[in-house]
Every structure is written in C-alpha cells, then in structure tokens.
Protein chains: 2
Amino acid sequence: MRGDTPFIAGDWGTSNLRLWLCGADGTVLDRADGPGVAAVPGRAEAAFLDATAAWRAADGPLPALFCGMVGSTIGWVEAAYHPCPANVGSLASGLTRFTALGATMAIIPGLSTRNPQGAPDVMRGEETQILGALASHPDLGIGRRLLCLPGTHAKWVLLRDGTVVMFQTGFSGELFALLRGHSVLGRGTDGLLPQIGPAFIQGVQRSLTSAPLPHLLFEARSRQLLEGMSAQDALSFLSGLVIGADVVGGIAMAADGLDGPVTLVASPILTDAYAAALAATGRDTVALDGGELALAGLLSVRAAILS
Amino acid sequence: MRGDTPFIAGDWGTSNLRLWLCGADGTVLDRADGPGVAAVPGRAEAAFLDATAAWRAADGPLPALFCGMVGSTIGWVEAAYHPCPANVGSLASGLTRFTALGATMAIIPGLSTRNPQGAPDVMRGEETQILGALASHPDLGIGRRLLCLPGTHAKWVLLRDGTVVMFQTGFSGELFALLRGHSVLGRGTDGLLPQIGPAFIQGVQRSLTSAPLPHLLFEARSRQLLEGMSAQDALSFLSGLVIGADVVGGIAMAADGLDGPVTLVASPILTDAYAAALAATGRDTVALDGGELALAGLLSVRAAILS
C-alpha cells in the first residue's frame, strides 16, 4: 500500500460492511455500505466490487485495508489469528494480502490468546476497534488498562502500555438474545426492551453472589409467578443477570490493579448498561462510542504500515 | 375420592398426558396417553374426556387425581403452590377439587419455596415424583437427603425425614437446548448427541472453577477454531459446562452434610450424565428411573387421602 494514493478502509463483519474512501492523508472522502460476510458466502469479492464500483469508475483500482470477519472461514480470504501480546506494529506486520482487479487487498489479523480461564480465545474485528481507541485516546496506552467491548460476544481486554496482553470472551449478548427470544424466560416480552433501573440492578446484584447463572435464571420466571414482577421488569432483571455474570468474569482480570477506570467501547445503550453494572461492583467507567473506532483503528494500522 | 372404586391417576405435563386406570387397591388395570396441556389450551376437559372415553363407557364416571402442569395457568384448573416444608400429608390435604361429567377431579398442588439463593422458586409435577421416590425407596425418608431431578428445569431438592425442606431450580436443560439449537456454539452438531467422555468431563471441570458460565461458553467454539476440537467433542464439552454449572449450584445445598448419596431421578441418559458430573466433584449418586415415579407418587397421595 503506497502512501500517496486514495485507499479504502473497510470494517466487514458478519452482519455489515462499512467502507470509507480515504484520501492519501486519511481524510474520509466518501462512505458506502454493503452486506455482511454471512450474507454473501463465497461471493465476497463480487460484493466488494459492487459496493465500490462508483469509486473505481472515478479513481481506478483502489487498495483496501479490512478488519473483521472478512478474514474468517466464512469471509473472503482467511487471515490467521495473531497471538497476544499484540500492538499496532505487530498487527500491521501480520496482514494477509491478496489482489482483486489488480488492487492490493489487506486484512488485519484477528487475535488469539490464552484467556484468564486458561482456555484458547479469539476475536476478529474488535482488535481494530481497540487500536482505534488507543489512537483516539492516547492515555489508554499508558499503564495497565481494562477495556470491555460489549456485544454479541463481549470482549474484555487487558492492555499494558498500549499492548493487548490478553483478553476474554463473555458469551453474554448472544446468551441474552437466546433467553429473551427462545426461552420460557422471554415469554410476554415482545416489543419490550430491558431498562436500566431497579430490576436491572437487582439482576446484577444476584449475579454478584457466587451462585452459578443456571441457578439464577429461573428467578426471572418465578418472581413473575410468585412476586408479581412485571414482564418488563423480568426482562430487565434477566439482562442484569447476564450482564452481571459477564462483569463478574471481566473484573477478575483487574485483580492485579488497574490504571484508570474501565473503558467501555460500544453503542451508548450497551455502554450505559455495563456502566451501571460495573458501578454496582464499585468500578468507575468511561464510555467510548464504538461507531467510528474501527475506522480510527484501520487508519492507525495504515499509518504503521507506512511508517 | 372413595376407596372402594376404580379411579384414574394422571401425570399431565406441558408435553404429555399419561393416564393410568387403577383398581380400588391401586393396581394398574389399563394405560392411556393424550396431549400435553400446551397442546390443548382451554380444552383440557375435552382432551381428558376424549382420552378416557372407553374407560367411562365401561365403568361410568371415574374420579381422577392429577399432578403437573394441568394445575398451572395454562392447564385445566389452576392449583395453588404449596409452600415448603411439604410432605405427602400436607400435599394430600391441599388438593384442588372440581367436577367433570359428575366425577371428582383433584390436582396435587405444586410447591413453592424460598430457594438457597434467597429467591422464590416453584415446581409442578416433580413434587409427585419426589413422593413416588419416597414411597418406593423408604430409606430416602430418613435423615437429610439431596435429590436432583434433571430435566428442562432441573430441580435440586433437600429432604429431611421425608419432608421437602427447600428446593432450587437449575435452568440447565432448557439452556443447553437453546445453546445447542440456536447459538453459534451448536453449529455443525445436527444429528449429534453429547457423549459422556473426556470432553464432557473437561466441560464439567471448567465449570468447577469459579469462572461465570458466560466466560466459559465461548470455549466450545474457540477450542474448535484453535485446538481442532471436533464438533462432537464441542457438543459434549458444552453439555459438561452446563451440567457442571448446575451441579456446582446443587451441591452447595449439601454444605451442611448429607445422609447417603445424591439421588438422581430422571431417564438413564440424564442420570448417567449427572452421575458423571457429580463424581467429578467427589459425590456418590444413586439413580432412579423417573418413568413410573409419578404414578407411585399419585398412589401415595391417594393413600394419604384415604388414611
């Protein structure tokens, strides 16, 4: 990738493709969207060319730098996982490169680690949001920091001086969606959204006890049957149970001490919920909107390549 | 209910109706099956009369004694929950009675408790299996005993001298079914069944650590991605994780000591899995096939009514 031409930065996940046409200096010139990799199995190249046809018609072949599930087995070209510790330099040197219509494509590797539970763990895409958080908030690169990126598969990330030391996946977003959408615990909650209020905090507090989650979940039903809890409150309580359990596992990573508050990276609706749950454990938080951090991370990797 | 006429014993759950035509002395004369209450909303009486038409044609109106979800809000007539402590005498004195075609119908109450987590908890149907276990294995009525009835909503039950002191629901069966059938963790497992082997035990051992379940579940995927774990082993591992978490919560009820092993009540495929998981915690078990215990419990309640 040369430093004197326009290029495309792409955040290509399971459900969405977000593309930015950038000038040589990283200025965003245009945006485009397209289908997530799950929607275009075996047809990623065609989807990319389709989404960028107008740009190529104007500028000719454009190199592209991607992050996310585009590098998975269901993506375009499989990119290896980079083992932790990892930082922007090591990720920039581990790109998977190939060509499409004569232009260089590059995919940022995902990360692998042995997590605090001693098990293998992986992420794809969040590593670039982490780089974006570091690029846009340089203080995060100083000392020992804990980041949480809530989502379908929440990632808890330990940083030391800007390097990802290790991370841990909390299967919380998908678990809540399953319980809400497919279990007896979600009965009667159509159209409702969990609220951050007393019932949510009650659920968090239940998960702060040592009881295993399967022995707490049924409360979301029995409290309706015996205590008159409303379906709305039961849904909020259930969300609190699941997020609380996620938080219990996450803050265990901070046992050796942290510099600064826990940094939350997601949409405001999720960072608000995690902030409330972490507050119930006595932890301070700061929230970053994850929306543009993938772009910031892509740009920081490009800068590292060119430096 | 008089003691000198035939009667019907019925185990009417969400998914199945099992009926036994019994002689005055409790001898089973015939069997019949029908739809679970979920399949006949608002039409339970018609479903019952349909299933018993031949018996009534031969014998005239027959009284019936039921247990299970027939007494729930989605059943025939709502039966209150009986608060713990409870035994056969207190359940027999708490029947909900009504008439159908001139015959007396009676429903055994479910049980409510404040569980070891300090939360309200409920069961419907399992209380009658517990009475059946006590009737068929009188030693269970002596001292402090822990029963586990695995299933969609597993029940862990503390007995003292034949009285249900308290119980705890583990949301384990439904949770495993959700994860297996609807989550990314179940991908590629169609047609497979969890096996009780090293991968299952590995999952149990993971849950015996203090890590919250949401921070362990993703291992069922990452071990496939990074360690070459097979889909079959991942499914068994996932089962071990969920059952292991259930067992952690369950054996906490035995903290004050038990007389005898943990008694498992279910089908052999489930009691084998729980026996293996409990063995990993150093607990001995005995297994009872739950199939006929509901009938034994119904008969013991009838005997208590007549005594």
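Notes on the structure in this doc start here. (Residues numbered from 1 in each chain as written. Chains lettered and ligands numbered in written order. Predicted model: local features only at pLDDT ≥ 70, side-chain atom pairs only at ≥ 80, totals over all residues. Heavy atoms only, no water.)

A look at the packing of helix H5 (residues 172–182) of chain B against helix H9 (residues 231–251) of chain B
Residue and element names in this part refer to chain B.
Thought 1: Two elements in contact, H5 and H9, have axes separated by 10 Å at closest approach and are oriented at 155 degrees. The angle between the axes of H5 and H9 places the two elements in the roughly antiparallel class. Crossing of H5 over H9 shows right-handed handedness. Contact residues: Ser172, Leu175, Phe176, Leu179 and Arg180 in H5; Leu235, Leu238, Ser239, Val242 and Asp246 in H9.
Thought 2: Class assignment of the residues belonging to the contact of H5 with H9 gives a composition of 6 nonpolar, 2 polar and 2 charged. (Axes fitted to C-alpha atoms, helices over the stretch in contact; angles between N-to-C directions. Helix = DSSP H or I, 4+ residues; strand = E, 2+ residues; numbered from the N terminus. Parallel < 35°, antiparallel > 145°, perpendicular 65-115°, else oblique. Left-handed = near helix turned anticlockwise from the far one by under 90°. Contact = heavy atoms within 4.5 Å. Nonpolar A, V, L, I, M, F, W, Y, C, P; charged D, E, K, R; others polar.)

A short note on unusual backbone geometry
Residue and element names in this part refer to chain A.
Thought 1: With an omega of 5 degrees, the peptide bond between cysteine 84 and proline 85 qualifies as cis.
Thought 2: Look at leucine 101: it is not a glycine, yet its phi comes out positive at around 50 degrees.
Thought 3: In this fold, leucine 101 is placed in the loop between strand E6 (96–100) and strand E7 (103–107).
Thought 4: Here aspartate 161, not a glycine, exhibits a phi torsion of approximately 50 degrees, which is positive.

A look at the interface of chain A and chain B
Frequently, the measure chosen for interface size is the accessible area that the parts lose on association.
Thought 1: Taken together, the contact between chain A and chain B spans 44 residues of the former and 44 residues of the latter.
Thought 2: Buried surface at the junction of chain A and chain B, summed over both partners, amounts to about 3600 Å²; 71% is from carbon and sulfur atoms.
Thought 3: For the chain A face of the interface with chain B, the top three residues by lost area are A:Phe171, A:His215 and A:Phe218, together amounting to 20%.
Thought 4: At the junction of chain A with chain B, the criterion picks out 2 salt bridges.
Thought 5: One salt bridge in this structure joins A:Glu227 and B:Arg114, with 3.4 Å as the shortest N-O distance.
Thought 6: Summed over the shared surface of chain A and chain B, the result is 14 residue pairs in polar contact (both at pLDDT 80 or more).
Thought 7: At the level of secondary structure, the elements contributing two or more residues to the side of chain A that touches chain B comprise strand E8 (110–114), strand E9 (120–123), strand E11 (154–160), strand E12 (163–170), helix H5 (172–182), helix H7 (219–227) and helix H8 (231–251) of chain A.
Thought 8: Per-element accounting of the side of chain A that touches chain B gives the leading share, 6 residues, to H7(A). (Buried area = accessible area lost by both parts, 1.4 Å probe. Salt bridge = Lys/Arg side-chain N within 4 Å of Asp/Glu carboxyl O. Polar contact = N/O pair within 3.5 Å; in protein donor to acceptor, adjacent residues only side chain to side chain.)

Notes on the packing of helix H6 (residues 198–207) of chain B against H9(B)
Helix-helix packing is described using two parameters, namely the angle between the two axes and the distance between the axes.
All names here are of chain B.
Thought 1: The contact between H6 and H9 brings their axes to 6 Å, and the two run at 40 degrees. As for how H6 packs across H9, the hand of that crossing is right-handed. Taking contact as the criterion, the partners of Ala199, Phe200, Gln202, Gly203, Val204, Arg206 and Ser207 in H6 are, on H9, Asp233, Ser236, Phe237, Ser239, Gly240, Leu241, Ile243, Gly244, Ala245 and Val248.

Quick word on the sheet that holds strand E10 (residues 144–149) of chain B
Residues and elements named next belong to chain B.
Thought 1: The sheet built from 5 strands is open, its strands ordered E12-E11-E10-E13-E14 with mixed pairing. The sheet is open, and its two borders are formed by strand E12 (163–170) and strand E14 (285–289), each paired with just one other strand. Strand-to-strand twist of the sheet, defined as the mean angle between neighbouring strand axes without regard to direction, takes the value 20 degrees.
Thought 2: Sheet analysis places strand E13 (residues 262–266) next to E14, joined by 5 bridges and oriented parallel. If you follow alanine 266 over to E14, its bridge partner there is aspartate 289. (Pairing = 2+ DSSP bridges.)

Remarks on the relation of the copies chain A and chain B
Relating the two copies of this chain is a rotation about some axis coupled with a shift parallel to it.
Thought 1: Superposition of chain A onto chain B requires a rotation of 180 degrees combined with a translation of 0.0 Å along the rotation axis, giving an RMSD of 0.0 Å. Overall, the copies show the geometry of a two-fold rotation axis.
Thought 2: The fraction of interface residues of chain A whose copies in chain B are also interface residues reaches 100%, indicating that both copies meet through the same surface. (Least-squares fit on C-alpha atoms with pLDDT ≥ 70 in both.)

Here we look at empty space enclosed by the protein
Residues and elements named next belong to chain A.
Thought 1: The full count for this structure, using the stated rule, is 2 cavities of 30 Å³ or more.
Thought 2: Considering only enclosed or pocket space, the largest cavity measures out at about 40 Å³ in volume.
Thought 3: Residue lining of the largest cavity: Phe48, Leu49, Arg56, Pro61, Leu62, Ala100, Leu101, Ala103 and Met105, and that is the complete set.
Thought 4: Listed by contribution, the elements that provide at least two residues to the lining of the largest cavity are helix H1 (44–51) and E7. (1 Å grid on protein atoms, 1.4 Å probe; cavity = no way out; pocket = protein on both sides within 12 Å on 5 of 7 lines; lining within 4 Å. Points joined across faces, edges and corners; volume = space filled by probe spheres on them.)

Regarding the environment of A:Asp246
Thought 1: Positionally, A:Asp246 belongs in helix H8.
Thought 2: Sequence separation of A:Asp246 and A:Ser207 is 39 residues, and the distance between their C-alpha atoms is 8.8 Å.
Thought 3: Ignoring any residue separated from it by four or fewer positions in sequence, one finds A:Asp246 in contact with A:Ala154, A:Trp156, A:Gly170, A:Ser172, A:Tyr274 and B:His215.
Thought 4: Here A:Ser172 takes part through its side chain, which lies 2.7 Å from a polar atom of the side chain of A:Asp246.

Digging into the sheet that holds strand E2 (residues 16–22) of chain B
All names here are of chain B.
Thought 1: With mixed pairing, the 6 strands of this open sheet are ordered in space as E3-E2-E1-E4-E7-E6. Every other strand in the sheet has two partners, leaving strand E3 (28–35) and strand E6 (96–100) as the edge strands with one partner each. Within the sheet, the average angular offset between the axes of one strand and its neighbour, ignoring direction, is 20 degrees.
Thought 2: Pairing of strand E4 (residues 64–67) with strand E7 (residues 103–107), which is carried by 3 bridges, proceeds in the parallel orientation. Directly across from alanine 64, in E7, lies its bridge partner methionine 105.
Thought 3: Packed onto the sheet, helix H11 (residues 293–306) meets strand E1 (7–12), E2, E3, E4 and E6 and runs at close to 130 degrees relative to E1.

Let's talk about the pairing of strand E3 (residues 28–35) of chain A
Residue and element names in this part refer to chain A.
Thought 1: Note: strand E2 (residues 16–22) against E3, 7 bridges, orientation antiparallel. Across the sheet, arginine 18 pairs through a bridge with aspartate 33, a residue of E3.
Thought 2: Turn length for the E2-E3 hairpin, with the two strands adjacent in sequence and antiparallel, is 5 residues, and the turn residue glycine 26 shows positive phi of about 90 degrees.

Describing the nonpolar core
Thought 1: By size, the foremost hydrophobic cluster in this structure holds 46 residues, and its most contacted members are A:Leu175, A:Leu179, A:Leu217, B:Leu175, B:Leu179 and B:Leu217.
Thought 2: At the level of elements, H5 and H8 of chain A together with H5, helix H7 (214–217) and H9 of chain B are the ones that each hand at least two residues to this core.
Thought 3: With near-sequence residues (within four places) excluded, A:Leu217 lies in contact with A:Leu179, A:Leu185, A:Leu238, A:Leu241, B:Phe171 and B:Leu175. (Core = buried A, V, L, I, M, F, W, Y, C linked by side-chain atoms within 4.5 Å. Buried < 20%, exposed > 50% of the residue type's maximum accessible area, 1.4 Å probe, protein only.)

Brief notes about the pattern of salt bridges
Thought 1: One pass over the full model with this rule turns up 14 salt bridges over all chains.
Thought 2: A salt bridge links A:Arg144 to A:Asp256; the nearest nitrogen and oxygen atoms lie 3.7 Å apart. Note that A:Arg144 is positioned in strand E10 (residues 144–149) and A:Asp256 in the loop between H8 and strand E13 (262–266), a separation of 112 residues in sequence.
Thought 3: Sharing partners across several salt bridges, the network here consists of A:Arg114, B:Arg206, B:Glu219, B:Arg223 and B:Glu227.

Describing H5(B)
Thought 1: Those residues of H5(B) that sit buried are B:Ser172, B:Glu174, B:Leu175, B:Phe176, B:Leu178 and B:Leu179.
Thought 2: Those residues of H5(B) that are buried lie in contact with H5 of chain A together with strand E11 (154–160), E12, H7, H9 and helix H10 (268–279) of chain B.

Some thoughts on the side chain of A:Glu174
Thought 1: The residue A:Glu174 is located in helix H5 in this model.
Thought 2: Buried charge without a partner: A:Glu174 forms no salt bridge, and the closest opposite charge is B:Arg187, 7.3 Å away.
Thought 3: A distance of 2.8 Å separates a polar side-chain atom of A:Glu174 from the backbone nitrogen of B:Val184.
Thought 4: With residues up to four places along the chain from it excluded, the contact list for A:Glu174 reads A:Thr152, A:His153, B:His182, B:Ser183 and B:Val184. (Lys, Arg positive; Asp, Glu negative; His and termini not counted.)

Read these as geometric descriptors, not functional statements.
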